[in-house]
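So the chains spell out like this:
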Amino acid sequence: AGQDVGRSCILVSIGGKNIMLDCGMHMGYNDDRRFPDFSYITQNGRLTDYLDCVIISHFHLDHCGALPYMSEMVGYDGPIYMTHPTKAICPILLEDFRKITVDKKGETNFFTSQMIKDCMKKVVPLNLHQTVQVDDELEIKAYYAGHVLGAAMVQIKVGSESVVYTGDYNMTPDRHLGAAWIDKCRPDILITESTYATTIRDSKRCRERDFLKKVHETIERGGKVLIPVFALGRAQELCILLETFWERMNLKAPIYFSTGLTEKANHYYKLFITWTNQKIRKTFVQRNMFEFKHIKAFDRSYADNPGPMVVFATPGMLHAGQSLQIFKKWAGNEKNMVIMPGYCVQGTVGHKILNGQKKLEMEGRATLEVKLQVEYMSFSAHADAKGIMQLIRMAEPHNILLVHGEAKKMAFLKDKIEQEFNISCYMPANGETTTVTTNPSVPVDISLNLLKREMALGGPLPDPKRPRTMHGTLIMKDNSLRLVSPEQALKELGLSEHQLRFTCRVHLQDPHSDTDTLSRIYSHLKSVLKGYAVQHLPDSTVMVESIVLKVSSSAEEPDLKVVLLSWCFQ
Amino acid sequence: MDISSDEADDWFMESLHIYRDLHVFQLEHPTKVIEWTGEKSICVADYSSARNEILELLLPLKLYAGGNKGLCPERDFKLQHGGFCDEPVECLRHIFGKRCVVTSGQYSSKLQVWDIGEGDSDIIKRTGVINPKCPSDKGRKIASGVTDGASVLHGSRINDVQQTELVSGRVLYAVGTDSLDAVSGLQFVNSSTFVVCANNGTLYVGDTRDPRMKHYVLHGSMSGSHWVFALRKDQPHSDPAACTVARLSSFGQVLVSDLRNLCSPVRQAQLNLQQNMPTCDFLNVTWAPVLDSCLAVSGFDGKVHIFDTTSWSTVSQTPQPVFVHRGHDLSHEAKTDGTLLVVTTHVWHPWRPRTLLSAASDGSIHVWDWVDKNVDHF
């Protein structure tokens, strides 16, 4: 029934560090294929030594569903980073998911409640726009991603190289979530999901219109509308929408908000306002959750009241609790409607009815006939083709990596990105490794003396298009790099300079005196080495530039002249 | 134009009753062409940017979900194929029976032939260029041939109208007239008969077996008016006896004529529409393929107007539209730079009676299914 399937788990090696981005579960499989294949990291044993950190972008199960399995069953004891709201909401979803999979479907190779708790103990929460030092070389920073409460895009930096991973994000603001935002951080690689890259999204108002139309149609014919919700944000948005609509159309049918939701509401409400930015707080969160004119708290006895009504109830997948109770009461009447606002895990009633099932088996062998209208409205916001282009414009990456798309079906997008931004676009398949070579710039300070010396050497001025080699000594101390003259370097190191002098002896047979031999050598050199300075010095040496020549002989063999050449290394 | 959010809200609320379906999309760049390339797909193309993309889009699946509509959340356009054109696209036509489109551009008089591509790749590739064999204006108008051999009829002025075979580039037919009237549109009636409408409203009816054409000058046409036409036929190969021609002028005049008798219109009307901008580029009139005698008009402003011509007579009156789509005016998300919004093109869905697609100068593209108050009950 058009439900999203997919799992995210990306391994990045940068500057010698290994990072895992997201750890999602594949919701379409029932066997081990639903977990990421960790053998890419190591064939056996725990992952702690191989990973520097794990980062989770948001609480959707296809991004964090396999986290407890990875940390507790495969084994990982290092830090797990996520935003505060993600940390608060993740364990609840994981526990729900675990209960459904184990209790309702009878699975055995699955993580336990204790494992979820142990996993969450390893979590280090992140704040937006704050740089966190994972160790002395690796730092990370979270950016606002929109999409759902707590979703973040993450920048990972080692030295002067960086990678940005977007997770899921959206570029058009919702009523309660702003649009994703990132600065011109110019990462070497921008990693983004491309599942929706080939869509052009229908406007938010049209989705809302559809929702209102469905609700109105049902109310008009005297039916009841059940809306199972989980996350506060989406529920609140729909409430505001209904409230406005009710006001405009002067509708009288009651709208209720179930008690299970009100308890969670305050908790999430606080979480929400401390995490989002000022602008969101002002525009949306101003109103008190329960100051609706037309929306009241629900009491379970109301479900039996005759006539039309709308009820928001938890949990979101109709797998237990109040929403399931209400559903059981209303399912048999075709005038009624249930609106499912999101993805439902396999095994839940929500999943079954979205697959068109008309008869459900309940506890105690009772069958439930599903006669009410089932509507699936996807409210979740993802970036489409336009959104990806907007994000690239914002961040200005040097390269872009698109994941979770089919390469053949994305050749046009790749062309478009490459043409418009003049950057490389990669589209690796699952299991494929992409290597991107970066050109990190290494900043070096050069001493003034050295610069002056280079200038004094003459020749053309330094030109960025025509690099010129120069000599100096590179000193790397703490985190700075300096280029200085050799003398300066020696001085700083407290070493004395050594001058190297080389000598060589040439043996000649010459019957003349030593002095005469020297003179003859001098004349000869003078005539053949025309461009060079050749001098005959009074101290009986000949100098060719800086090479010194001396002639000597022994008393026993006066005809065997020894010409001593000596020169400095330069 | 600043829309107060109240007016926009009002329209959205009203839309619950006046539309069965409504989808509002924002393309990166505006298009002035929407062409059906399949039962569920359309082609659009840039006319205003440097990169001029041609896109083939799959319509939202929700429209086609029928009985299972509730269970289908897919409301979005899916980009199936894309390509780049070296000039802004003036005219785009799908070639009958093939996965191929032909475009003309605003910078040159050439036509470009594109292969839309099948399962494997999503790139729209250019496979050929047609250069008209005579001097021609830029932005030629195009019509697809309706026979199995892929061909196009194209022209910028009446005297340069010709039919070219796509694969070989061979000129199959050229008109034999001197008329320098600019072409505003052309279309095949069947495999050999075709109709051409000139900017001044004169209609030409030709046959590819004969270079001579019959022409029908418009009497009493107001000077300065620009005319476009629409041919209503029931199938790709039609008997001229079953065809109706509608002509629309930039002053809002509409003439409906039988193809067998183009001298005297059987119905006419003076629409109460004024152009809000100086260009006639976007003037468009179309016949509804399913509804009898209904036509849609756009290009005057940011709306699409639908009229039922059944009650029109030979005496010109000012009819009221049966429906006006105001969505582009009232829901545009793109920031305007003060320029007026105009609907650049619209098309009817081939078999859903009241579904249309319309595009506007702000890049918006809407898919809408309107409710006829006289017929349906909401």
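Conventions used here
Residues numbered from 1 in each chain as written. Chains lettered and ligands numbered in written order. Predicted model: local features only at pLDDT ≥ 70, side-chain atom pairs only at ≥ 80, totals over all residues. Heavy atoms only, no water. UniProt positions renumbered as here; feature names shortened; annotations may be inferred. Helix = DSSP H or I, 4+ residues; strand = E, 2+ residues; numbered from the N terminus. Rg over C-alpha atoms; globule rule 2.2 N^0.38 Å. Buried < 20%, exposed > 50% of the residue type's maximum accessible area, 1.4 Å probe, protein only. Areas by Shrake-Rupley, 256 points an atom, 1.4 Å probe, with all protein chains shown as cover. Lys, Arg positive; Asp, Glu negative; His and termini not counted. Charge placed at Lys NZ, Arg CZ, Asp CG, Glu CD. Contact = heavy atoms within 4.5 Å. Disulfide = S-S within 2.5 Å. Axes fitted to C-alpha atoms, helices over the stretch in contact; angles between N-to-C directions. Parallel < 35°, antiparallel > 145°, perpendicular 65-115°, else oblique. Nonpolar A, V, L, I, M, F, W, Y, C, P; charged D, E, K, R; others polar. Salt bridge = Lys/Arg side-chain N within 4 Å of Asp/Glu carboxyl O. Pairing = 2+ DSSP bridges. Phe/Tyr/Trp six-rings, centres within 6.5 Å; stacked < 30°, edge-to-face > 60°. Lys NZ or Arg CZ within 6 Å of the ring centre and 35° of its normal. Buried area = accessible area lost by both parts, 1.4 Å probe. Patch = residues over 30% accessible without salt bridge, like charges linked within 9 Å, V, L, I, M, F, W, Y side chains within 5 Å. Left-handed = near helix turned anticlockwise from the far one by under 90°. 1 Å grid on protein atoms, 1.4 Å probe; cavity = no way out; pocket = protein on both sides within 12 Å on 5 of 7 lines; lining within 4 Å. Points joined across faces, edges and corners; volume = space filled by probe spheres on them.

- In the nomenclature of an unreviewed UniProt entry, chain B corresponds to WD repeat domain 73 from the organism Electrophorus voltai.

- Under an unreviewed UniProt entry, chain A has the name Integrator complex subunit 11 and belongs to Electrophorus voltai.
- Listed under Cofactor (unreviewed entry) in UniProt, the entry text for chain A is "Zn(2+)".
- A UniProt comment under Sequence similarities (unreviewed entry) is attached to chain A, and it reads "Belongs to the metallo-beta-lactamase superfamily. RNA-metabolizing metallo-beta-lactamase-like family. INTS11 subfamily."

## Quick word on the overall build of chain A
- The secondary structure content of chain A amounts to 15 helices and 29 strands.
- Taking 570 residues into account, the globule formula puts the C-alpha radius of gyration at 25 Å, and chain A, at 37 Å, lies well above it.
- Expressed along its principal axes, the backbone C-alpha trace of chain A runs to roughly 135 × 50 × 45 Å.
- Burial analysis of chain A (570 residues in total) assigns 49% to the buried set.
- With the model as given, the accessible surface of chain A reaches about 28,000 Å², and the carbon-plus-sulfur share is 51%.
- Both charge centroids of chain A, one from 68 positive and one from 64 negative side chains, sit 9 Å from each other.

## Some details on the overall build of chain B
- A count of helices and strands for chain B gives two helices and 28 strands.
- Against the globule reference of 21 Å for 378 residues, chain B gives a C-alpha radius of gyration of 20 Å, in line with a compact fold.
- C-alpha extents for chain B along the principal axes are approximately 55 × 55 × 45 Å.
- Looking at chain B as a whole, 58% of its 378 residues are labelled buried.
- For chain B, the proportion of contacts with a sequence separation of at least 24, taken over those separated by at least 6, is 51%.
- Element-wise, carbon and sulfur atoms account for 49% of the exposed surface of chain B, whose accessible area totals about 15,100 Å².
- For chain B, the distance from the average site of its 34 positive side-chain charges to the average site of its 44 negative ones is 5 Å.

## Details of the state of the cysteines
- In this structure the tally under the stated criterion is zero disulfides over all chains.
- Cys53(A) forms no disulfide, and the closest cysteine sulfur to it belongs to Cys9(A), at a distance of 13 Å.
- As a non-bridged cysteine, Cys134(B) has Cys91(B) as the owner of its nearest cysteine sulfur, 17 Å distant.

## Observations concerning the packing of helix 2 (residues 67–75) of chain A against helix 4 (residues 113–121) of chain A
Residue and element names in this part refer to chain A.
- Interaxial distance between helix 2 and helix 4 falls to 9 Å at its minimum, and their mutual angle equals 90 degrees. The angle between helix 2 and helix 4 places the two elements in the roughly perpendicular class. Between helix 2, through Leu67, Pro68, Ser71, Glu72 and Met73, and helix 4, the contact on the second element is made entirely by Met115, Ile116, Asp118 and Cys119.
- Across the contact of helix 2 with helix 4, the residue classes break down as six nonpolar, one polar and two charged.

## Notes on the pattern of salt bridges
- Evaluated as defined, the whole model comprises 48 salt bridges over all chains.
- Arg520(A) is the partner of Asp510(A) in a salt bridge, and the nearest nitrogen-oxygen pair spans 3.1 Å. A residue pair is termed long-range when its members are at least 10 positions apart, and Asp510(A) in the loop between strand 25 (501–509) and helix 15 (514–528) and Arg520(A) in helix 15 qualify at 10 residues.
- Ionic contacts of the salt-bridge type, sharing partners, join the residues Arg393(A), Lys416(A), Glu420(A), Glu28(B), Arg51(B) and Glu53(B) into one network.

## What to know about the sheet that holds strand 8 (residues 152–158) of chain A
Residues and elements named next belong to chain A.
- The seven strands lie next to each other as 6-7-8-9-10-20-21, forming an open sheet whose pairing is mixed. The open sheet has two edge strands with one neighbour each: strand 6 (131–133) and strand 21 (424–426). The sheet shows a mean angle of 20 degrees between the axes of neighbouring strands, taken without regard to direction.
- Lying over the sheet, helix 12 (residues 411–421) contacts strand 20 (399–403) and strand 21, oriented at roughly 155 degrees with respect to strand 21.

## Considering the packing of aromatic side chains
- Under the criterion given, the structure shown has 25 aromatic pairs over all chains.
- Measuring from ring centre to ring centre gives 5.2 Å for Phe412(A) and Phe84(B), while their planes differ by 35 degrees; the resulting arrangement is tilted. Of the two residues, Phe412(A) sits in helix 12 while Phe84(B) sits in strand 5 (residues 77–84), which places them in two different chains. Accessibility assignment for this pair places Phe412(A) and Phe84(B) in one class, buried.
- Ring-pair connections join several aromatic residues into one group, and the members of that group are Phe35(A), Phe38(A), Tyr69(A), Phe97(A), Phe110(A) and Phe111(A).
- Lying over the aromatic face of Tyr64(B), Lys40(B) brings its terminal NZ or CZ to 5.0 Å of the ring centre.
- The ring of Trp370(B) has Arg354(B) lying over it, and the distance from NZ or CZ to the ring centre is 5.6 Å.

## Quick notes on the interface of chain A and chain B
- Between chain A and chain B, the residue contacts involve 39 residues of the former and 44 residues of the latter.
- For the pairing of chain A and chain B, the buried interface totals around 3,800 Å² over both sides, and the portion due to carbon and sulfur atoms is 55%.
- Per-residue buried area on chain A facing chain B is highest for Ile200(A), Arg209(A) and Phe412(A); these three make up 21% of the total on that side.
- Our count for the contact surface shared by chain A and chain B stands at 11 salt bridges.

## Topic: unusual backbone geometry
- Across the junction of Thr314(A) and Pro315(A), the peptide omega takes the value -5 degrees, indicating a cis bond.
- Among the secondary structure elements, Pro315(A) is positioned in the loop between strand 15 (309–313) and helix 9 (321–330).
- Even without glycine at this site, Asn422(A) takes up a positive phi of about 60 degrees.
- The topology assignment puts Asn422(A) in the loop between helix 12 and strand 21.
- Here the phi dihedral of Ser293(B) falls at roughly 55 degrees; this positive angle occurs in a residue that is not glycine.
- Within the secondary structure, Ser293(B) is located in the loop between strand 22 (284–287) and strand 23 (294–298).

## Details of the environment of Cys9(A)
Residue and element names in this part refer to chain A.
- As for its position among the elements, Cys9 is in the segment before strand 1 (10–14).
- Measuring from C-alpha to C-alpha, the distance between Cys9 and Asp62 comes to 9.0 Å, with 53 residues separating the pair along the chain.
- Aside from chain neighbours lying at most four places away, what touches Cys9 is Met20, Leu21, Asp22, Cys23, Pro36 and Phe38.

## Structural notes on a nonpolar patch on the surface
- Judged by side-chain polarity, Leu500(A), Phe502(A), Ile547(A), Trp567(A) and Phe569(A) come together as a nonpolar surface patch covering roughly 490 Å² of accessible area.
- Inspection of the secondary structure assignment puts Leu500(A) in the loop between helix 14 (486–493) and strand 25.

## Description of the packing of helix 11 (residues 385–395) of chain A against helix 12 of chain A
All names here are of chain A.
- Their axes nearest at 12 Å, the elements helix 11 and helix 12 cross at an angle of 30 degrees. As far as their axial angle goes, helix 12 and helix 11 are roughly parallel. By crossing handedness, the relation of helix 11 to helix 12 is classed as right-handed. For the pair helix 11 and helix 12, the contacting residues are Met389, Ile392 and Arg393 in the first and Lys416, Ile417, Glu420 and Phe421 in the second.

## Quick look at the environment of Pro68(A)
Residues and elements named next belong to chain A.
- Inspection of the secondary structure puts Pro68 in helix 2.
- Through-space distance from the C-alpha of Pro68 to that of Phe110 is 9.2 Å; in sequence the pair is 42 residues apart.
- Excluding anything up to four places from it in sequence, Pro68 contacts Met73, Leu94, Phe111, Met115, Ile116 and Cys119.

## Describing the pairing of strand 27 (residues 355–360) of chain B
Residue and element names in this part refer to chain B.
- The element strand 27 is extensively covered by neighbouring structure, given that six of its six residues are classed as buried.
- Going residue by residue along strand 27, you find Thr355, Leu357 and Ala359 tucked away on one face and Leu356, Ser358 and Ala360 tucked away on the opposite face as well.
- Once strand 26 (residues 343–348) ends, the chain turns through six residues before running back antiparallel as strand 27.
- Where strand 27 and strand 28 (residues 364–370) come together, five bridges link them in antiparallel fashion. Within strand 28, the residue paired with Ala359 across the bridge is Ile365.

## Notes on the sheet that holds strand 19 (residues 373–376) of chain A
Residues and elements named next belong to chain A.
- Read across the sheet, six strands follow the order 14-13-15-12-16-19 without closing on themselves; strand pairing throughout is parallel. Of all the strands in the sheet, the pair left with one neighbour each is strand 14 (295–297) and strand 19. Going from strand to strand, the sheet's axes swing by 20 degrees on average, the running direction of each strand aside.
- Lying over the sheet, helix 9 contacts strand 12 (224–228), strand 15 and strand 16 (337–340), oriented at roughly 150 degrees with respect to strand 12.

## Structural notes on empty space enclosed by the protein
- Per the stated rule, a full pass over the model turns up seven cavities of 30 Å³ or more.
- There is about 210 Å³ of room inside the largest cavity.
- What lines the largest cavity is a set of 19 residues, among which Ile200(A), Lys416(A), Glu28(B), Glu53(B) and Leu55(B) lie closest to the centre.
- Elements that contribute at least two residues to the lining of the largest cavity include exactly strand 11 (199–200), helix 11 and helix 12 of chain A together with strand 3 (41–46) and strand 4 (53–58) of chain B.
- Classifying every residue of the lining of the largest cavity gives nine nonpolar, four polar and six charged.

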